[in-house]
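Listed below, chain by chain, are the residues.
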Amino acid sequence: MTEANDIARAELVATLMQKVQEDRYPSTTMLDLIEKLLTPDEMPAYVLALQDKLRSETYPSMPMLMRLAELVAP
């Protein structure tokens with residue numbers, strides 16, 4: 001991957017992450033795209049963003065719980 005491609009990918013991830021933080025219910029398509037583009041260094045920030053979503057909900061969705069479990073499972 002070229003440096004220009006990496007910069008563009010990082011910018012897209014940052015934009016999508018901002019949308020995840022702003023949207024009460026981010027789309028699964030957007031979450032799938034983020035996960036496809038994430039680097040290992042970006043993963044902790046993404047997991048924390050999803051955990052913040054879970055903490056804000058009285059009854060978090062099972063798909064979100066399962067998504068997080070798959071991201072952090074060894």
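Note that the structure is a prediction, hence the values are computed from the model and not measured.

A. Focus on the pattern of salt bridges. Under the definition given, this model contains seven salt bridges. Put simply, D6 and R9 hold a salt bridge, and the shortest N to O gap is 3.3 Å. Of this pair, D6 and R9 both sit in helix α1 (residues 3-22), three residues apart, roughly one helical turn. Of the residues examined, R9 reaches a relative accessible area of 12% and is grouped as buried.

B. How the structure looks around the packing of α1 against helix α3 (residues 43-56). Where α1 meets α3, the axes come as close as 9 Å, and the angle between the chain directions of the two elements is 15°. The pairing of α1 with α3 is recorded here as roughly parallel in orientation. For the crossing formed where α1 meets α3, the hand is left-handed. Residues M17, V20, Q21 and E22 of α1 form the contact with α3, whose participating residues are A45, Y46, A49, L50 and K53. Grouping the amino acids of the contact of α1 with α3 by side-chain chemistry returns six nonpolar, one polar and two charged.

C. Seen up close, helix α2 (residues 28-37). Considered for burial, the residues of α2 that qualify are M30, L31, I34 and L37. Along the axis of α2, the buried positions cluster into a sector of 130°, meaning they face one direction only. Those residues of α2 that are exposed and angled more than 90 degrees off the buried face are T29 and K36. As for α2, its buried residues are in contact with α1, α3 and α4 (62-72).

Reading the values: the criteria
Think of each chain on its own: its residues are numbered from 1, step by step along the sequence as written. Residue-level local features of this predicted model are given only where pLDDT is at least 70; pairs of side-chain atoms are given and counted only at 80 or more, and the full residue set underlies all totals for whole chains, interfaces and linings. Hydrogen atoms and water are omitted, and side-chain values are computed over all heavy atoms in the structure. Whenever Lys or Arg places a side-chain nitrogen within 4 Å of a carboxyl oxygen from Asp or Glu, that contact is recorded as a salt bridge. Only DSSP runs of H or I covering at least 4 residues are called helices, and only runs of E covering at least 2 are called strands; the numbering of each starts at the N terminus. Between buried and exposed lies partly exposed: a residue is buried under 20% and exposed over 50% of the maximum accessible area for its type, with that area taken using a 1.4 Å probe on protein chains only. For helices, the fitted line uses only the C-alpha atoms of the stretch in contact; every axis is such a line through C-alpha atoms, and the angle between N-to-C directions lies from 0 to 180 degrees. Oblique is the label for any angle not covered by the other classes, which are roughly parallel (under 35 degrees), roughly antiparallel (over 145) and roughly perpendicular (65 to 115). Should the near helix be turned counterclockwise from the far one by less than a right angle, the crossing is left-handed, whereas a clockwise turn marks it as right-handed. By definition, residues are in contact when any of their heavy atoms lie within 4.5 Å. Think of it as three bins: nonpolar holds Ala, Val, Leu, Ile, Met, Phe, Trp, Tyr, Cys and Pro, charged holds Asp, Glu, Lys and Arg, and polar takes everything else, Gly as well. Taken from the helix axis, the directions to the C-beta atoms give the arc we talk about.

Nothing here speaks to function; it is all geometry.
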